[in-house]
There are 2 protein chains.
Amino acid sequence: MFRFLWTKAAAARARFPVKKMTLTQISSAKCFEGYQKVYEHESSELKCKMRFGIYLPPKTQHVNCPALYWLSGLTCTEQNFITKAASQQAAAEHGIVIVAPDTSPRGCNIQGEDESWDFGTGAGFYLNATEDPWKMNYRMHAYITEESVSALAPICNPVLCPWGQKAFTGYLGSDKSKWETYDATCLARTYSGPPLDILIDQGKDDQFLAAGQLLPENFIAACTHKKIPVVFRLQEGYDHSYYFIATFVGDHIKHHAKYLNA
Amino acid sequence: MFRFLWTKAAAARARFPVKKMTLTQISSAKCFEGYQKVYEHESSELKCKMRFGIYLPPKTQHVNCPALYWLSGLTCTEQNFITKAASQQAAAEHGIVIVAPDTSPRGCNIQGEDESWDFGTGAGFYLNATEDPWKMNYRMHAYITEESVSALAPICNPVLCPWGQKAFTGYLGSDKSKWETYDATCLARTYSGPPLDILIDQGKDDQFLAAGQLLPENFIAACTHKKIPVVFRLQEGYDHSYYFIATFVGDHIKHHAKYLNA
C-alpha cells in the first residue's frame, strides 16, 4: 500500500537498465509490442534470491529509455502489478521501462516471518531493519533507491497509523526518531531538495483511508506548509484495488514521461 | 483456451443484462468510471453455485448498453479475465457490458473432477455432457448462449486435437458425430446462418499452436470454402498469456462495438 512510482532518470537511462549481476530469466511475454519479463537474482543486500518484473517498451529495441520503479504494497509479490495494473499500454506509448521489485525478502526462515499478513513476508515497508531477527535480511530500503514523484493510495504517515507502528516497532525498535526517515510526511516537513511535482490519486471509498491507515491529509498539510506542490486527486467511488490502479496508472506514467523524456 | 467473445445483442440490450434470478453480490470495485462486479447465483442448469464477473461501463448509468460474453479457457475462473486482461478501459470507452462466466461447474463432488488440469474442474469445454458421471452438472453449453464473432487464440478444431479428443470422449462418449456440434471448424463447414464478420488474433509463438492444439488453419480453410469472411491476424512474437490478450482485447471490443452500437 505504498504503491509509489519512483523515477530514476539519469541512472536508468540505459538500453537495459539493470545493474551488473547474474540474472536468470524466469519468464518473458510479448505485450504491446514490447516484452514483460521476470528475472531472478541473488541480492547481496537481502542475502536471498529476489525476483522483479521489468517491462521493456518497443522503443528499447532502438534507443535508451528511462525507467520507473513501481513499489507495490502489503502482501504483493513482483507479479501483482505486472499482471493486474494494465500499465504496459501506457509504458509502450511513452517509451518508459517499468521495474517492479518484490516487496520483501522471502524464504529467509526467520521466526515469525509468515505469521501476519502486514508484517514479515510481503511487508518489507522499504526500510532497513535495525532489530533482530530482521536486520540481516530486511533491508529493502538499500535494495531499492528513491526519488519520489507520484503515488497511488500511499501510506502517507506511517508513524501515526497502526500498520506503520507495528512494522516500525518490529523492524526499527521503539525509538521513534529512527522511524521518521521512512515516513513521507516527516520527510516533507524537513525537505530542502530540488523542486518536486507530486501527483497522488486516492480512492474516496478506500477502506484503508476510512480506517486511518493512509492519512494523506497529514502529508498534504506538510507539503502546503513547505510550499511543495502536490496534485492530490480524491477519486469518488474508487476503492484500494487494482481496478483503481488500472484506471489511473496511465495518468501517472504520463506524468513521469513528461520529465523522463524531456 | 476458447477465449471467444460472444455477442448477444438483442437479448442483452437491457440496462442490467442478467436474467431474473437471485444474485448475491460478491464484490464491486469502481474501474474507469464504471463498476467491475462479481455475482454468485444458483444455476438450475448446472445444479451448483456459479460466479460470474460483469463490467458495467459508466454509460449504463443513463442508457441501456449491449453486452459481450467473454468465455475463458482451460483452468480459468471468472477472475482471470477481469483481473488480467485490461478490458475495462475499452469497454468503458465503447459503452459495452462484459459478462465473464466461470469455465465449469465447481464443487460437484464428481469422482475425478480434480484429477487433470485439462478435464473436469476448470475445463467445461462449453458443451452439454451426455456421459456419466458428468451429464448432471457439466452443461456449460446450456449455461451460456452463443453467436460467435471474435476469438483470441481459440481451439479451432477440437475433434482433431488432443485436448478436444480427451474432453469430448469423456463428456460426450465415443460417437464422433456428436462431437461436431461443439467444433467451430465443423460448424463453419455447414454454416448457413446470417453473414458473419469474424476477427481472430493468434500469437505466432503460442506454445499450444506449435503443439497442434489450436489448428486455426483448419478453421480458415472451412471458412474460405464457405466464403465466410475471417480476419485472421498471426501476431509475431506473442504467446498464449494474458499479456497477449491485454494487447489485443481493445481491438476486439471495438470490433463488437461497431455492430452493437450500430
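1. What to know about the overall build of chain A
Looking only at helices and strands, chain A has nine helices and nine strands in total. Computed over its C-alpha atoms, the radius of gyration of chain A comes to 18 Å, within 12% of the 18 Å expected for a compact globule of 262 residues. Referenced to the eigenvectors of the C-alpha coordinate spread, the extents of chain A come out at roughly 50 × 40 × 35 Å. Burial statistics for chain A: of 262 residues in total, 57% are counted as buried. A fraction of 72% describes how many contacts in chain A between residues 6 or more apart in sequence connect residues 24 or more apart. Taken as a whole, chain A presents about 11100 Å² of accessible surface, with 53% of it coming from carbon and sulfur.

2. Remarks on the packing of aromatic side chains
All names here are of chain B. In total, this model carries 28 aromatic pairs over all chains according to the counting rule given. A ring pair is formed by F125 and F168, whose centres lie 6.2 Å apart and whose planes are at 75°; its orientation type is edge-to-face. Taken together, the residues F125 in the loop between β6 (97-101) and α4 (140-143) and F168 in helix α5 (residues 162-172) connect sequence positions 43 residues apart. F168 shares its class with F125; the two are buried. Between the aromatic rings of Y238 and F244, the centroid separation amounts to 6.3 Å while the plane-to-plane angle is 50°, which identifies the pairing as tilted.

3. Focus on the relation of the copies chain B and chain A
With an RMSD of 0.0 Å, chain B superimposes on chain A once it is rotated by 180° and translated 0.0 Å along the axis. Within this description, the copies of the chain are treated as partners about a two-fold rotation axis. In this assembly the copies share their binding face: 100% of the residues contributing to the interface of chain B also contribute to that of chain A.

4. Considerations on the side chain of B:D183
All names here are of chain B. Here D183 is to be found in the loop between α5 and α6 (184-189). Summary of buried charges: D183 has no salt-bridge partner, and the nearest side chain of opposite charge, R189, is 5.9 Å away. A distance of 2.9 Å separates a polar side-chain atom of D183 from the backbone nitrogen of T185. Of the polar contacts made by the side chain of D183, one reaches the backbone nitrogen of C186; its length is 3.0 Å.

5. Re the interface of chain B and chain A
On the side of chain A, 22 residues touch chain B, which itself brings 22 residues to the contact. Of the roughly 1800 Å² buried where chain B meets chain A, counting both sides, 55% is carbon and sulfur surface. Contact with chain A buries area across many residues of chain B, yet B:K30, B:Y238 and B:Y243 alone supply 36% of it, more than any other trio. For the interface between chain B and chain A, the tally reads zero salt bridges. Where chain B touches chain A, the interface holds eight residue pairs in polar contact (both at pLDDT 80 or more). Elements that contribute at least two residues to the side of chain B that touches chain A include exactly β2 (24-31), α2 (79-84), α3 (88-94) and α9 (242-260) of chain B. Tallied by class, residues from the side of chain B that touches chain A come to nine nonpolar, eight polar and five charged.

6. Some thoughts on the pairing of strand β3 (residues 34-43) of chain B
All names here are of chain B. Taken across its ten residues, β3 has eight buried, putting it largely inside the fold. In the sheet, β2 pairs with β3 via seven bridges, with the strands oriented antiparallel. By the bridge assignment for β3, C31 is matched with G34. Counting the residues in the hairpin turn of β2 and β3 gives two residues, including F32, whose phi is positive at 50°. As judged from the nine bridges shared by β3 and strand β4 (residues 48-56), these two strands associate in the antiparallel manner. When the sheet's bridge partners are listed, Y35 is paired in β4 with L56. Count of turn residues in the β3/β4 antiparallel hairpin: four residues, of which K47 carries a positive phi of about 55°.

7. Describing the state of the cysteines
The tally for this structure, following the rule as stated, stands at zero disulfides over all chains. A:C31 carries a free sulfur, and the closest cysteine sulfur to it, the one in A:C65, is 15 Å from it. We classify A:C31 as buried; its relative accessible area is 0%. B:C161 forms no disulfide, and the closest cysteine sulfur to it belongs to B:C156, at a distance of 9.6 Å.

8. Quick look at the environment of A:A129
Residues and elements named next belong to chain A. With respect to the element layout, A129 can be found in the loop between β6 (97-101) and α4 (140-143). Accessibility expressed as a relative area gives 5% for A129, which makes it buried. Taking the C-alpha atoms as reference, A129 lies 33 Å from Y238; in sequence the two are 109 residues apart. In contact with A129, not counting residues within four places along its chain, are W134, K135, Y138, Y171 and L172.

9. Re unusual backbone geometry
Of the consecutive residues A:D132 and A:P133, the connecting peptide bond is found in the cis state with omega at -5°. Looking at the secondary structure, you find A:P133 in the loop between β6 and α4. Here B:F32, not a glycine, exhibits a phi torsion of approximately 50°, which is positive. Here B:F32 lies in the loop between β2 and β3. A residue is classified by how much of its surface remains accessible, and B:F32, at 16% relative accessible area, is buried.

10. Side note on the environment of A:G203
Residues and elements named next belong to chain A. Tracing the sequence through the fold places G203 in strand β8 (residues 198-203). Given the relative accessible area of 0%, G203 is considered buried. Spatially, the C-alpha atoms of G203 and G95 are 27 Å apart, while their sequence positions differ by 108 residues. Other than its neighbours up to four places away in sequence, G203 contacts L209, L234, Q235, Y238, D239 and F244.

11. Some remarks on the pattern of salt bridges
All names here are of chain B. Following the criterion strictly, the structure yields 22 salt bridges over all chains and no others. The partner of D102 in a salt bridge is R106, with the nearest N and O atoms 2.5 Å apart. The buried category is assigned to D102, whose relative accessible area is 3%. When its relative accessible area of 28% is taken as the criterion, R106 is described as partly exposed. As a salt-bridge pair, D197 and K258 come within 3.6 Å of each other at their nearest N and O atoms.

What counts, and where the lines are drawn
Residues numbered from 1 in each chain as written. Chains lettered and ligands numbered in written order. Predicted model: local features only at pLDDT ≥ 70, side-chain atom pairs only at ≥ 80, totals over all residues. Heavy atoms only, no water. Helix = DSSP H or I, 4+ residues; strand = E, 2+ residues; numbered from the N terminus. Rg over C-alpha atoms; globule rule 2.2 N^0.38 Å. Buried < 20%, exposed > 50% of the residue type's maximum accessible area, 1.4 Å probe, protein only. Contact = heavy atoms within 4.5 Å. Areas by Shrake-Rupley, 256 points an atom, 1.4 Å probe, with all protein chains shown as cover. Phe/Tyr/Trp six-rings, centres within 6.5 Å; stacked < 30°, edge-to-face > 60°. Least-squares fit on C-alpha atoms with pLDDT ≥ 70 in both. Lys, Arg positive; Asp, Glu negative; His and termini not counted. Salt bridge = Lys/Arg side-chain N within 4 Å of Asp/Glu carboxyl O. Polar contact = N/O pair within 3.5 Å; in protein donor to acceptor, adjacent residues only side chain to side chain. Buried area = accessible area lost by both parts, 1.4 Å probe. Nonpolar A, V, L, I, M, F, W, Y, C, P; charged D, E, K, R; others polar. Pairing = 2+ DSSP bridges. Disulfide = S-S within 2.5 Å.

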